[in-house]
Amino acid sequence: MTNKVLLLDTLPEWVVTKLQDLGCSVIVKTGVGEAEHPALLKDINPRILIVRSTKVNRAMIEAASDLSLIIRSGAGYNTIDVAAASERSIYVSNCPGKNAIAVAELAMGLMLSLDRRIPDNVFDLRQGTWNKKEYSKAKGLYGRTLAVIGTGNIGKEVILRAKAFGLHVVAYSRSLTPEGAEALGAQYAPSIIDAVRNADIVSIHLALAPELKGVINAEVLGTMKEGALFINTSRAELVDEEALIEAIKTKKLKVATDVFPKEPEQSGPFQTPLAALPQVYGTHHIGASTDQAQNAVAEETVRIVREYLQNGVVPNCVNVMEKTPARYQLSVRHKDKVGVLANILRVIRDNNINVQRMENIIFAGAQGACANIQIEQPLSQNQLDELVKSNDDIYEAVITELWG
């Protein structure tokens, strides 16, 4: 099979060379309109699809019959229809943590910008206005309290830099424990509300999950201190935009955001109520856009392709079940010979039992092996005895219940 790889977004030029060195036929199609993507996928029919910002929908996934791996060259994967990919047995992978430092650097820059009003300084000076008296008004960051919401790769990098600035950090994450917070040098908060209540600055670093849409709501924003700084370099969908606009007006929050609802895919006109407010500094979703971050993500993308083609393993796969619906495991110790596994699977099939996961472990010397096969229903003792008797190369077959 030709390992055809389709790139729909721009990556460093050396990525194509490295993919070609892996034996891939690489097709680069950037700037193609969203409506044309399904036809493009059908025509090219790649085995591997690589994207950065391009959305991958069901129509695209169903258009390419040979497609077996989708890689998002970035941390999030909410732009990919993972459910549709899973239905067609297509791996979905991403590159988590590779842009964490870049996003953390932007978050710190936005904090400083809000406190010192750096963009307004620059704008006035370019307009020929000198206003040192006005722009000398700043509280400073040292000694103030920063609430970090989300302590994944990016959140941890923000905490590290915030500590260097002398900020007191309060941290919340669904998986964070008091011990984990202590290890990060942060104060543990049991909820978002508890984290933001006494914070001078709030910085959002949550991954977008369906249950987290709008999690920064009117209650959270209403709990924040008047005049607090609010930073979002994560996802626009995490924040209730109407509630945020109201909080800016009523609580005088100062906001810096790198993300907006309905961001355009191409450069051009863009109007949004949030960015129009004078208390808001907006950047153009550039958090991960440093040369260092892009090269690190590109290297990880190539590594994923390499591991998949050479070892059949997909690093960072986001759509493989950690725990299958199987309730039982059939373990068969056998000689490492042709036909043994086929015989075992035939017996399972003849008993109308579905296999959920299987692994064949080969022992040193390649003489013996053990097949561990997770199945939905158990074989009876009589069926196990018959399995052993059916092939002289089988030593033993036992059933283990995986869960009650």
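Here's what I pulled together on the structure shown here.

Rules used throughout
- Residues numbered from 1 in each chain as written.
- Predicted model: local features only at pLDDT ≥ 70, side-chain atom pairs only at ≥ 80, totals over all residues.
- Heavy atoms only, no water.
- Axes fitted to C-alpha atoms, helices over the stretch in contact; angles between N-to-C directions.
- Helix = DSSP H or I, 4+ residues; strand = E, 2+ residues; numbered from the N terminus.
- Parallel < 35°, antiparallel > 145°, perpendicular 65-115°, else oblique.
- Contact = heavy atoms within 4.5 Å.
- Nonpolar A, V, L, I, M, F, W, Y, C, P; charged D, E, K, R; others polar.
- Buried < 20%, exposed > 50% of the residue type's maximum accessible area, 1.4 Å probe, protein only.
- Pairing = 2+ DSSP bridges.
- Right-handed = clockwise from strand over helix to strand, strands pointing away.
- Left-handed = near helix turned anticlockwise from the far one by under 90°.
- Core = buried A, V, L, I, M, F, W, Y, C linked by side-chain atoms within 4.5 Å.
- Polar contact = N/O pair within 3.5 Å; in protein donor to acceptor, adjacent residues only side chain to side chain.
- Salt bridge = Lys/Arg side-chain N within 4 Å of Asp/Glu carboxyl O.

With that settled, the discussion passes to the packing of helix 5 (residues 100-116) against helix 6 (residues 118-126). Packed helix pairs are characterised by how far apart their axes lie and by the angle those axes make with each other. Interhelical geometry of helix 5 versus helix 6 gives an angle of 60° and a closest axis separation of 6 Å. One way to sum up the angle between helix 5 and helix 6 is to call them oblique. Across from Leu112, Ser113 and Arg116 in helix 5, the residues of helix 6 making contact are Ile118, Pro119 and Asn121. Among the residues forming the contact of helix 5 with helix 6, the class breakdown is three nonpolar, two polar and one charged.

Residues Leu69 and Ile71 line one face of strand 4 (residues 69-72) and the alternating positions Ile70 and Arg72 line the opposite face, and both faces are buried. Judged from the four bridges that link them, strand 3 (residues 48-51) and strand 4 form a sheet pairing that is parallel. When the sheet's bridge partners are listed, Leu49 is paired in strand 4 with Ile70. Since strand 3 and strand 4 lie parallel, the crossover through helix 3 (residues 58-63) that links them has a hand, and here it is right-handed.

As a packed pair, helix 5 and helix 8 (residues 153-164) sit with axes 8 Å apart at the nearest point and diverge in direction by 50°. Taken together, the axes of helix 5 and helix 8 are oblique relative to one another. Here the hand of the crossing between helix 5 and helix 8 comes out right-handed. Every residue of helix 8 that contacts helix 5 at Ala100, Ile101, Val103, Ala104, Glu105, Ala107, Met108 and Met111 is listed here: Asn153, Ile154, Glu157, Val158, Arg161 and Ala162. Class assignment of the residues belonging to the contact of helix 5 with helix 8 gives a composition of ten nonpolar, one polar and three charged.

Now for unusual backbone geometry. Although it is not a glycine, Arg117 adopts a positive phi angle of roughly 50°. Within the secondary structure layout, Arg117 lies in the loop between helix 5 and helix 6. Of note in the backbone geometry, Asn352 takes a positive phi value of approximately 55° without being a glycine. By relative accessible area, which is 69% here, Asn352 ends up exposed.

Ile149, Val202, Ile216, Leu221 and Phe230 are the most contacted members of the largest nonpolar core, which has 35 residues in total. Elements supplying a minimum of two residues to this core: strand 6 (145-149), strand 7 (168-172), helix 10 (192-196), strand 9 (201-204), helix 11 (218-223) and helix 12 (241-250). Broken down by element, the residue count for this core peaks at five residues, all from helix 12. Look past the residues within four positions of Ile149 in its chain and what remains in contact with it is Tyr172, Ile192, Ala195, Val196, Val202, Ser203, Ile204, His205 and Leu206. Grouped together as the second largest cluster of nonpolar side chains are 24 residues, Leu110, Leu167, Ala171 and Leu229 included.

Take helix 12 next. Helical geometry note: an α-helix holds 3.6 residues per turn, so side chains three or four residues apart project in the same direction. Within helix 12, the full set of buried residues consists of Ala243, Leu244, Ile245, Ala247 and Ile248. In this structure, the buried side of helix 12 is in contact with helix 11, strand 10 (229-232), strand 11 (254-257) and strand 12 (280-282). A side-chain oxygen of the first residue of helix 12 lies 3.2 Å from the backbone nitrogen of Glu242; this N-cap is Asp240. Taken from the residues just after helix 12, Lys252 is the one with a positive phi, measuring 55°.

Once that is clear, we can look at the pattern of salt bridges. According to the stated counting rule, one finds 17 salt bridges in the structure shown. Residue Arg327 is joined to Glu401 by a salt bridge in which the shortest nitrogen-to-oxygen separation is 3.4 Å. Note that Arg327 is positioned in the loop between helix 13 (291-311) and strand 13 (328-335) and Glu401 in strand 16 (residues 394-401), a separation of 74 residues in sequence. A salt bridge links Arg349 to Asp350; its shortest N-O distance comes to 3.0 Å. According to the relative accessible area criterion, Asp350 is partly exposed, its value standing at 46%. Three or more residues are tied together by salt bridges with common partners; here these are Arg117, Asp120, Glu134 and Lys137.

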